[in-house]
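An overview of the molecular structure
Spelled out from the first residue to the last, the chains are:
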Amino acid sequence: MRVIIAKGSGFCFGVKRALAIVEEALGEERGPFYTLGPLIHNPQVVDRLSRRGLKVIDNLKGIKAGTLIIRSHGLPTATIEIAKKRGLKIVDATCPYVKRAQERARELEAKGYQLVIVGDRGHPEVESMASEKSIVLQRPSQVEKMESYSRIGVVAQTTQSLENFKEIVKRLRSKTKELKVHATICSAVSRQQRSTRELAKKVDLMLIIGGRNSANTKRLAQISKEFTETYHIERPFEIDLRWLKNREIVGISGGASTPEWLIDEVREKVKSYGN
Ligand code: SF4
C-alpha cells in the first residue's frame with residue numbers, strides 16, 4: 001500500500017506565527033493567559049497549550065487581570081476595547097491575512113458600500129469583520145433573497161473556496177450598479193484545497209486530518225469527497241481498519257490548523273496496516 005501526503009498539509013503560516021507568539025507570551029508576559037475561543041481549531045494543540053497555562057474562555061465576564069491573546073482568526077474591535085478598559089494586556093496573534101480582510105471590510109463600509117462577507121455565519125473570523133449592517137452569505141442561492149443596493153463591496157472569509165466566492169460575486173452583479181470585490185482568500189488555503197483535490201483524484205481512499213471545528217479542514221473533506229471515499233478524522237485511533245482493506249493508494253491531507261506530528265502518526269498507522 002502506498003501512502004501519499006497532499007502537498008502543503010498541516011500548519012499554515014498564520015497558525016505557525018500564532019503559536020510562536022503564544023510561546024513567547026507564555027514565557028514573558030503577565031499571567032493568567034486567556035484566549036476568547038480556542039487559539040486554533042485543533043483540540044489536541046489546544047489541550048497541550050492549556051497544560052502550559054493558556055485558558056480558553058467564552059467571554060470576558062469576571063476577567064479583570066492578565067493577558068488576552070488574540071487568536072489567528074482575530075477579534076471584533078469592540079471586544080478588544082472592552083478588554084483594554086479592563087486593564088488586560090493584549091497580545092495580538094491575528095494572522096496578517098485576516099487583518100488585511102478586516103481592513104478591506106472597514107474601508108468598504110467607510111466608503112459607503114453595503115458590505116457583503118462571503119463566509120460561514122458565526123465563524124469567529126467573519127464575526128471579526130462584520131458590523132451591524134453587514135450581510136453574510138454562505139451560498140450562491142442566498143443572493144436571490146437579498147435586496148438591491150446602489151453600491152456593494154465584497155470580501156471573503158480567508159478559508160472560503162474560490163469557486164463559491166466567484167459564484168456569489170457573479171450573482172451579486174444583478175443586485176447593484178457598482179460592485180467592488182476584494183478576493184481576500186488565503187493563498188495557503190487555496191493551495192491546500194488544490195493539492196487535496198489533485199490527490200483525491202489519484203487515490204483509493206482519502207483521510208483528512210484535523211479538528212471537527214476547523215472550517216478549512218471540513219472544506220478539504222468536502223472537496224475530497226467529490227472524487228473519492230473520504231473520512232475526516234482528528235486522531236489515528238479513529239481509523240477503522242476496514243477502510244484500508246484492499247486499497248493500493250491512500251491519500252492523507254491535513255488542514256491549516258493540523259500539526260505535523262498528527263499527520264505523521266496517521267501515516268505510520270496506515271503504513272503499519274499496509275505492512
Ligand atoms: S489559513 Fe491563511 S489566513 Fe488563516 S491563519 Fe492560515 S495563513 Fe492566515
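Residues numbered from 1 in each chain as written. Predicted model: local features only at pLDDT ≥ 70, side-chain atom pairs only at ≥ 80, totals over all residues. Heavy atoms only, no water.

**Considerations on the domain arrangement of the chain**
Stated formally: Delimitation of the domains relies on an automatic or database domain assignment. Whether two residues touch is decided by their heavy atoms; if any such pair falls within 4.5 Å, the residues are in contact. Buried area counts how much accessible surface, traced with a 1.4 Å probe, disappears from two parts once they are put together, with both parts' losses summed. Here a salt bridge means any side-chain nitrogen of Lys or Arg lying within 4 Å of a carboxyl oxygen belonging to Asp or Glu.
According to the domain assignment, the chain consists of domain 1 (2–10 + 188–274), domain 2 (13–95) and domain 3 (97–185). Taken over C-alpha atoms, the centre of domain 2 sits 27 Å from the centre of domain 3. Listed by partner, the interface residues are 12 residues for domain 2 and 10 residues for domain 3. The contact between domain 2 and domain 3 buries some 800 Å² in all, and 54% of this surface belongs to carbon and sulfur atoms. Broken down residue by residue, the surface that domain 2 buries against domain 3 is led by His73, Pro76 and Cys95, which jointly contribute 48%. Seen at the junction of domain 2 and domain 3, the total is 1 salt bridge. In this structure, Asp92 engages Lys99 in a salt bridge whose closest nitrogen and oxygen atoms are separated by 2.4 Å.

**A look at the sheet that holds strand β10 (residues 205–209)**
As a reminder, the rule being used: Each pair of strands is called paired provided DSSP finds at least two bridges between the two strands. Per the convention used, a helix needs a DSSP run of H or I reaching at least four residues, while a strand needs a run of E reaching at least two, with both numbered from the N terminus. Every axis corresponds to a line fitted to the C-alpha atoms, with the helix fit spanning only the stretch in contact, and the corresponding angles, defined between N-to-C directions, vary from 0 to 180 degrees.
One open sheet holds the 4 strands; their spatial order is β1-β12-β10-β11, and the pairing between them is parallel. Bordering the open sheet on either side are β1 (2–5) and β11 (229–233), each of which pairs with just one other strand. For this sheet, the mean inter-axis angle between neighbouring strands, taken without regard to orientation, is 20°. By the bridge criterion, 5 bridges tie β10 to β11 in an arrangement that is parallel.

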